[in-house]
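As a plain string of letters, each chain reads:
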Amino acid sequence: MTRSSTDGDTDFTPTELDRSATFYVAGHRGLVGSAIVRKLEAEGFTNIVGQTSSELDLKDRDAVFAYVKKVRPTYLALAAAKVGGIMANSTYPVDFLSDNIRIQVNVLDAAREHGVKRLIFLGSSCIYPKFAKQPIDEDSLLTGHLESTNDAYAIAKIAGIMHVQAVRRQYGLPWISAMPTNLYGPNDNFSPHGSHVLPALIRRYDEATRNGSDSVTNWGTGSPRREFLHVDDLASAVLHLLEHYDGPQQVNVGTGSDVTIKEIADIIANVVGYTGKTRWDSSKPDGTPQKLLDVHKLGESGWAARISLEEGLRSTVDWYRAHADELRQ
Ligand SMILES: NC(=O)C1=CN([C@@H]2O[C@H](COP(=O)(O)OP(=O)(O)OC[C@H]3O[C@@H](n4cnc5c(N)ncnc54)[C@H](OP(=O)(O)O)[C@@H]3O)[C@@H](O)[C@H]2O)C=CC1
Ligand SMILES: C[C@H]1O[C@H](OP(=O)(O)OP(=O)(O)OC[C@H]2O[C@@H](n3cnc4c(=O)[nH]c(N)nc43)[C@H](O)[C@@H]2O)[C@@H](O)[C@@H](O)C1=O
């Protein structure tokens, strides 16, 4: 950010979290939040709390303060946000800016007022400049122009990083931020227009296979490169960071390798069993040409991704097929 990456250092030493303390997962039904809940349950946490958006609208400041006061969480993972793929982001920039700023400010202010001990804020790799040097390291933040298809969302996420750093400086609370690369897995959004590329292609190729179609059309040119991380790996990294990392600078979370959209399309077609043609609609946006995170900082803290793309895709396709009827409604 505008200050050095060590400004906001605390004297806190990360340690194992208390498995019986209250852990609030904001966004516990989403792709990321549900994976964090699975991980915490598997690790023996006994007091995980969360609310759906219809039970608690995080844009409602008074309601957020009342909820945090009532449950008094010791730990908090902020995985609630307005999220979507390239088309949703570029069509509804006001919603992505306004909803996300409001959700973040309300949750972070309430957590600060009630002294949440450890908090992790989740941003996204789109915070980095469109033409950042690859792989993108954490120091690239605010060194160039953003990608126009998601600049409004990115600015909201950058404000979240700054909010966490400001709390560290002004209140000395050891809160942290993680920046995941493109994620996938169970409970993803599979809607044809709003989703990210990976669930969109799983659905498209699966439907083409079921319908016996011999051609599908994907968006853009297929040449952009993306890095894909299974969400169960992300959840493992979130707990790892809470137990092993403290510092003001955001930490990248990824696998360290990327593929072109054409390559991922071929892999998905193969996993799904689709044998027809694939066409590309270059009137649709490509977005940023490459987004590959430098994950040295996370690696130095002792964590690496474990789930291979092939393995993660197979289990996600299985999950999608088991839930396809309800997802299509
Ligand atoms: N998906 C991805 O590829 C990536 C995601 N991330 C980050 O991870 C985080 C989670 O994303 P992801 O899990 O994919 O998103 P999802 O859309 O799957 O889940 C978002 C969650 O936020 C909740 N939510 C949204 N708006 C509100 C609101 N107004 N009040 C209360 N809850 C709300 C939803 O609750 P409900 O279900 O009850 O409506 C939902 O559980 C985000 O911060 C995102 O930026 C970062 C990099 C990549
Ligand atoms: C996580 C990240 O996600 C978004 O950025 P993105 O990486 O560009 O997102 P995406 O997954 O939607 O697309 C990746 C690539 O894939 C191509 N593509 C082909 N066919 C389909 C298709 O059918 N759907 C979609 N969505 N993309 C397609 C598409 O044209 C593009 O070249 C932002 O929301 C951003 O804010 C953010 O944080």
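Presented here is an overview of the structure given in this document. Think of each chain on its own: its residues are numbered from 1, step by step along the sequence as written. Written order determines the labels here, with chains lettered from A and ligands numbered from 1. For a predicted model such as this one, the threshold for reporting local features is a pLDDT of at least 70, and the threshold for listing and counting side-chain atom pairs is 80 or more; totals across whole chains, interfaces and linings nevertheless cover every residue. Hydrogens and waters are ignored; side-chain quantities use all the structure's heavy atoms.

### A short note on the nonpolar core
Using the following cut-off: Nonpolar cores are built from buried Ala, Val, Leu, Ile, Met, Phe, Trp, Tyr and Cys residues. Side-chain atoms within 4.5 Å join them into one set. Between buried and exposed lies partly exposed: a residue is buried under 20% and exposed over 50% of the maximum accessible area for its type, with that area taken using a 1.4 Å probe on protein chains only. Secondary structure elements are taken from DSSP: a helix is a run of H or I of four residues or more, a strand is a run of E of two residues or more, and numbering for both begins at the N terminus.
Residues Tyr24, Leu58, Leu76, Leu78, Leu119 and Trp175 are the most contacted members of the largest nonpolar core, which totals 34 residues. Of all elements in the fold, only strand S1 (23-26), helix H2 (61-71), strand S3 (75-78), helix H4 (93-113), strand S4 (118-122) and helix H5 (151-171) reach the threshold of two or more residues within this core.

### A closer look at the sheet that holds strand S2 (residues 48-49)
One key point about sheets: their strands pair by backbone hydrogen bonds, in either a parallel or an antiparallel sense. Threshold: Pairing between strands is defined by DSSP: at least two bridges between the two strands are required. What makes two residues a contact is simply this: any of their non-hydrogen atoms within 4.5 Å. Every axis in this analysis is a line fitted to C-alpha atoms, fitted for helices over the stretch in contact. Angles between the N-to-C directions lie between 0 and 180 degrees.
One open sheet accounts for 6 strands, arranged S2-S1-S3-S4-S5-S10; its pairing is parallel. Because the sheet does not close on itself, it has two edges, and the strands there are S2 and strand S10 (251-253). In this sheet, S3 lies alongside S1 in parallel orientation, the contact comprising 4 bridges. Counted as the bridge partner of Phe23 is Tyr75 from S3. Lying on the sheet, H4 is in contact with S3 and S4; it crosses S3 at an angle near 175°. Along the sheet, helix H7 (residues 231-244) contacts S1, S4, strand S5 (176-180) and S10; its crossing angle with S4, the most-contacted strand, is approximately 140°.

### Quick look at the packing of aromatic side chains
For clarity, the cut-off: Stacked, edge-to-face and tilted labels apply to pairs of Phe, Tyr and Trp rings (six-membered ring for Trp) whose centres lie within 6.5 Å, assigned for plane angles under 30 degrees, over 60, and everything in between, in that order.
Per the counting criterion, the structure on display carries 7 aromatic pairs. Ring geometry for Phe23 against Tyr75: centres 5.8 Å apart, planes inclined by 55°, an arrangement best described as tilted. Remark: Tyr75 occurs in strand S3 and Phe23 occurs in strand S1; sequence separation between them is 52 residues. By the burial criterion, Phe23 is buried, and Tyr75 matches it.

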